[in-house]
Amino acid sequence: GGEPPLAAVAAACSVQTAEVMVGEPVHVTVAASNFNPKHTLAYDWKSSGGKIDGKDTGATIDTNGVAGGAYTATATVTDAKAKKNNMASCTANFSVKEPPKNPQQIS
């Protein structure tokens, strides 16, 4: 008896451009699956580099002032109304490149 077990909730993250120059924005999205469609989901965004501004399923990372290197964006999706199987997270990697220190000059 009882209800059949629910499929585990999941989240999948992706970046629009995985490699940007310093100062260019990085756009990240998350797709949640197996959550109750009648419930409102909460989204929490974090980034290991740059200032992240997330709203619902999308976020933009400001890379101004970020040192060149590899970084990770993380999204956590939560269903506050569900008691079990109510949270999933994912990560997406991106890299920031610095402009050349000595740009070529034409004389």
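**Q** So what's going on with the overall build of the chain? Which residues, and what values?
**A** Looking only at helices and strands, the chain has zero helices and eight strands in total. In the chain, the order of α-helices and β-strands from amino to carboxyl end is β-β-β-β-β-β-β-β. Over its C-alpha atoms the chain spans a radius of gyration of 18 Å, topping by over 25% the 13 Å that the globule rule assigns to 107 residues. Its C-alpha atoms put the chain at 80 × 20 × 15 Å along the principal axes. Burial analysis of the chain (107 residues in total) assigns 25% to the buried set. Summed over its atoms, the accessible surface of the chain is roughly 7,300 Å², and 52% of this surface lies on carbon and sulfur atoms. Of the side-chain charges in the chain, 9 are positive and 9 negative, and the distance between the mean point of each set is 8 Å.

**Q** Account for unusual backbone geometry, naming residues and giving values.
**A** Here Asn 34, not a glycine, exhibits a phi torsion of approximately 70°, which is positive. In this structure, Asn 34 sits in the loop between strand 3 (26–33) and strand 4 (42–47). Notably, Asp 56 is not glycine yet its phi reads approximately 55°, a positive angle. Position of Asp 56 relative to the elements: it lies in the loop between strand 5 (51–55) and strand 6 (58–62).

**Q** Tell me about the pairing of strand 8 (residues 87–97), residues and numbers included.
**A** Because side chains alternate across strand 8, one face comprises the buried residues Ala 88, Cys 90, Ala 92, Phe 94 and Val 96, and the other comprises Met 87, Ser 89, Thr 91, Asn 93, Ser 95 and Lys 97, none of which is buried. One ladder, built from three bridges, connects strand 2 (residues 19–21) with strand 8; its direction is parallel. Within strand 8, the residue paired with Val 20 across the bridge is Val 96. Here strand 7 (residues 69–78) pairs with strand 8 via ten bridges, running antiparallel. Residue pairing for strand 8: Tyr 71 is matched across the bridge by Phe 94.

Conventions adopted
- Residues numbered from 1 in each chain as written.
- Predicted model: local features only at pLDDT ≥ 70, side-chain atom pairs only at ≥ 80, totals over all residues.
- Heavy atoms only, no water.
- Helix = DSSP H or I, 4+ residues; strand = E, 2+ residues; numbered from the N terminus.
- Rg over C-alpha atoms; globule rule 2.2 N^0.38 Å.
- Buried < 20%, exposed > 50% of the residue type's maximum accessible area, 1.4 Å probe, protein only.
- Areas by Shrake-Rupley, 256 points an atom, 1.4 Å probe, with all protein chains shown as cover.
- Lys, Arg positive; Asp, Glu negative; His and termini not counted.
- Charge placed at Lys NZ, Arg CZ, Asp CG, Glu CD.
- Pairing = 2+ DSSP bridges.

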